[in-house]
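Structural overview for review
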Amino acid sequence: PVPDDHVVVLFGATGDLARRKLLPGLYRLARAGLMPRSYRIVGSAPAADALTDEEFRARAKEAVAAFGSEPPAGEHWQAFESTLTFGAADPDDPEPLIGAVRDAERAVGGSPRRLYHLAVPPQAFASVVEMLGRTGLAQGARVVVEKPFGTDLDSAKALDATVHAVFDEDRVFRIDHFLGKESVDNILALRFANGLFEPVWNRDHISHVEIDVPETLGIEGRAAFFEETGTFRDMIVTHLFQVLGIVAMEPPAALDAKSLRDEKAKVFQALRPVDPDLVVRGQYEGYRAEPGVDPHSDTETFVALRAEIDNWRWTGVPFYLRSGKRLAERRQVVTLHFTEPPLRMFPLAPGHRHAARGGRRGNTLVVDFDDPGWIAAGFLVKEPGPTMRLTDARMSFKYADSVQRRYGLEGYERLVHDAMLGDQSLFTRSDGIERLWEVAAPLLRAPRPVEPYAPGSWGPAAAGELLAPHHWFLPDER
Ligand code: BG6
């Protein structure tokens, strides 16, 4: 589908997110033929950072060269570049932006839709929204709001009040780019388009679930942001709980935004508030010496926790969530661990990695949702030979080589396109966000001290004990 004609305004156009994701993403959409027939992109920033149109185009070109999937060259780039203009805006001097939006609308012709993407720090947020309301620029417009949506329940409510004073909820697009990942969206198809998986997707057949997102990156110069935020808010409350919502939700009656988000909200309602005793907070050694970090900082760079969903489908099935900076590997995986058959009739082959542990032999279903993603089922087969004994086997599907990836959109690309279409299915809703802050509250109120871990490791040892008698799928079980 091709969106209506648009003027897209990018607040924070000189910032990191615009450079890494949004400008390359918009170009990718243009190359894939997914931008509107006619459109303009207006970059904006405070007057102190104002650029000329030419400077903005040069920056966009640099960004696409550094982070885009295709080089900014030839007629495609020229056509895209000609849609870029700049209009500075300060809360008390919005005139340059107003002028730039009017010019852009004239250039598009007719009455294009307006989409404002607020890639600005949370502190700048309210003043931009109020300015849009005051100047009339908000009229009929949609707004894309970047995370984090507050830092706790009260601040999230305050943020919503600010936004809702200017934009009705059906015009608010709260972005969580994990929901735009192809393989996360595919969890819906895997579950609800196949007769094979959904019948066993419940407490009768699943013993526990992992949502595991280790990262190798550190804080990448984002000390000011990270010190205030930490991994629990940055990754668990924001991204991993959203993935949990999709893994755990009931089948929606339809695929529209309301049905999907209603079902996700029900999971969040049933999610038990986090028990601080079932959380391991870690901090990598050396974090306190990073530029801009408090030498006594207690901010966590690692979290592993056990979550429980008190509903019919999931009671008694723990969901283990883990994410951290500077860990041994970058991965993004959901692993479902299935219960064992009632009787152990078969010996394991000698040397089988579970033989020594006497541990579990349940099947696994692994969804790797890092782009481009894959799915694998782990099961046991007879080892070829004269005796009946078991060894591991795997069935797998890889997006990279099994399906024609016609568009191959990244999370941000997919979501910006959806926002232009007005489809809120993959955006978060205020009731869901607020419930997640309620779930997070006990840990935010009473965090246990952080435990140090060596960079390049898998985090504090206590994170392993959290799963006992089981083991994390990574790195040992795969
Ligand atoms: C961001 C977090 O939202 O997501 C970062 O702020 C994190 O700390 C990133 O590294 C992970 O996203 P991706 O694109 O690597 O899946």
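We now turn to the structure provided with this report. All figures in this text were calculated on a predicted structure; none of them were measured in a lab.

The environment of the ligand is formed by 13 residues, the closest being Lys-181, Glu-215, Arg-222, Asp-234 and Lys-325. In this structure, Glu-215 approaches the ligand through a side-chain N or O atom, which is 2.5 Å from an oxygen atom. Between Arg-330 and the ligand, the recorded distance is 2.8 Å, taken from a side-chain N or O atom to an oxygen atom. Protein burial of the ligand: of its 400 Å² of free accessible surface, 85% is covered by the chains. Ranked by residue count, the leading element in the shell around the ligand is helix 8 (residues 223–248), at 3 residues. Its residues assigned to classes, the shell around the ligand comprises 2 nonpolar, 3 polar and 8 charged.

A few words on the layout of surface pockets. By volume, the second largest pocket is sized at about 350 Å³. Around the second largest pocket sit 16 residues that line it, and Leu-196, Phe-197, Leu-365, Ala-377 and Met-395 are the ones nearest its centre. Of the residues that constitute the lining of the second largest pocket, the class distribution is 11 nonpolar, 5 polar and no charged.

With that settled, the discussion passes to the sheet that holds strand 15 (residues 451–453). Across a sheet, strands are paired by hydrogen bonds formed along the backbone, either parallel or antiparallel in direction. Judged by pairing direction, the sheet is mixed, and its 9 strands sit side by side in the order 14-13-12-11-7-10-9-8-15 without closing on themselves. Whereas interior strands pair on both sides, the edge strands pair on one side only; in this sheet they are strand 14 (390–398) and strand 15. Pairwise comparison of adjacent strand axes, ignoring direction, gives a mean angle of 20 degrees for this sheet. Alignment of strand 7 (residues 206–214) against strand 11 (residues 333–338), held across 6 bridges, turns out to be antiparallel. Bridge pairing links Ile-211 to Val-334 in strand 11. Contacting strand 12 (364–368) and strand 13 (374–382), helix 7 (residues 182–192) crosses the sheet at an angle of about 140 degrees to strand 12. Contacts from helix 8 reach strand 7, strand 9 (302–307), strand 10 (319–324) and strand 11, with the element oriented near 145 degrees to strand 10.

How each quantity is defined
- Residues numbered from 1 in each chain as written.
- Predicted model: local features only at pLDDT ≥ 70, side-chain atom pairs only at ≥ 80, totals over all residues.
- Heavy atoms only, no water.
- Near = heavy atom within 4 Å.
- Polar contact = N/O pair within 3.5 Å; in protein donor to acceptor, adjacent residues only side chain to side chain.
- Areas by Shrake-Rupley, 256 points an atom, 1.4 Å probe, with all protein chains shown as cover.
- Helix = DSSP H or I, 4+ residues; strand = E, 2+ residues; numbered from the N terminus.
- Nonpolar A, V, L, I, M, F, W, Y, C, P; charged D, E, K, R; others polar.
- 1 Å grid on protein atoms, 1.4 Å probe; cavity = no way out; pocket = protein on both sides within 12 Å on 5 of 7 lines; lining within 4 Å.
- Points joined across faces, edges and corners; volume = space filled by probe spheres on them.
- Pairing = 2+ DSSP bridges.
- Axes fitted to C-alpha atoms, helices over the stretch in contact; angles between N-to-C directions.
- Contact = heavy atoms within 4.5 Å.

Treat this as a map of the structure, not an account of what it does.
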